[in-house]
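# A structural walkthrough
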Amino acid sequence: MKIKLVLKDCGTGAGGFQPGNTCGAGRGGGGGGGAGGGSAESRHSTASNPKTPSATLTELSTHFDAFTRLDVANNPSTPATTLVELSKDDHGLVRGAVAKNPKTPVATLVAMSNDKVGSVRAIVAANPRTPPDTLIALSKDVDVGVRREVADNSNTPRHTLARLASEDDDLGVRSAAEVS
């Protein structure tokens, strides 16, 4: 039996030939030369680097790998329009990172306050840019973690803190609302 070694030039530079390299086939990212290709380590490094060009971050925001999209969502240089798109991502971790990003538009934070995942709503509630009206709505959330973040947010109106301090079922929420 003979074994055939396949060498393929994937445009990776420095020879570019790697045994068994499929040049990103089946990964949705293309070959080694573009933002979507190359190694996962290289892609994550690019996606998390604040000096990465906006166009590259936007391209990486559509990569099949959720961790790449997570890195883009966490990047403070990601354009607001890209963050708006990432706020609709299938993965809650990506949406949560969008809710933390200081460039996320306030209108997007308001929309994300209705996210199906409680931890994402809690991150919205913790964001200092979340408007008071949204915090009032989140103060009635079924998720105790969301209500705790509302109680800790300095933008929460006093009347909402008073209600949480006296009426909430959770001792942690009541305590946080009293201290705030």
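Residues numbered from 1 in each chain as written. Predicted model: local features only at pLDDT ≥ 70, side-chain atom pairs only at ≥ 80, totals over all residues. Heavy atoms only, no water.

The subject of this paragraph is the pattern of salt bridges. On inspection of all chains with the given rule, the structure shows 7 salt bridges. Note that Arg 43 and Asp 65 form a salt bridge whose closest N and O atoms lie 3.8 Å from each other. With Arg 43 in helix H1 (residues 40-48) and Asp 65 in the loop between helix H2 (54-60) and helix H3 (66-74), this pair connects stretches of sequence that are 22 residues apart. On the basis of relative accessibility, which here comes to 6%, the residue Arg 43 falls in the buried class. For Asp 141, the salt bridge identified is with Arg 121, shortest N-O distance 2.7 Å. Taken together, the residues Asp 141 in the loop between helix H8 (132-138) and helix H9 (144-152) and Arg 121 in helix H7 (residues 118-126) connect sequence positions 20 residues apart. When sorted by exposure, Asp 141 lands in the same class as Arg 121, which is buried. (Salt bridge = Lys/Arg side-chain N within 4 Å of Asp/Glu carboxyl O. Helix = DSSP H or I, 4+ residues; strand = E, 2+ residues; numbered from the N terminus. Buried < 20%, exposed > 50% of the residue type's maximum accessible area, 1.4 Å probe, protein only.)

Next up on the list: the environment of Ala 73. Summarising the element assignment, Ala 73 is placed in helix H3. In this structure, the C-alpha to C-alpha distance between Ala 73 and Lys 100, residues 27 residues apart in sequence, is 8.7 Å. Residue contacts for Ala 73: discarding those within four places in its chain leaves Leu 83, Leu 86, Val 94, Ala 97, Val 98 and Asn 101. (Contact = heavy atoms within 4.5 Å.)

In this section: the packing of H7 against H9. Where H7 meets H9, the axes come as close as 8 Å, and the angle between the chain directions of the two elements is 5°. Viewed along their axes, H7 and H9 adopt a mutual orientation that is roughly parallel. Only Gly 145, Val 146, Glu 149 and Val 150 of H9 make contact with H7, whose side of the interface consists of Gly 118, Arg 121, Ala 122, Ala 125 and Ala 126. In terms of residue class, the contact of H7 with H9 is made up of 5 nonpolar, 2 polar and 2 charged. (Axes fitted to C-alpha atoms, helices over the stretch in contact; angles between N-to-C directions. Parallel < 35°, antiparallel > 145°, perpendicular 65-115°, else oblique. Nonpolar A, V, L, I, M, F, W, Y, C, P; charged D, E, K, R; others polar.)

Here Val 94 is to be found in helix H5 (residues 92-100). You can call Val 94 buried: its relative accessible area is 1%. Separated by 28 residues in the primary sequence, Val 94 and Ala 66 have C-alpha atoms spaced 7.2 Å apart.

Note that every value here comes from positions in space, so none of it alone points to a role or purpose.
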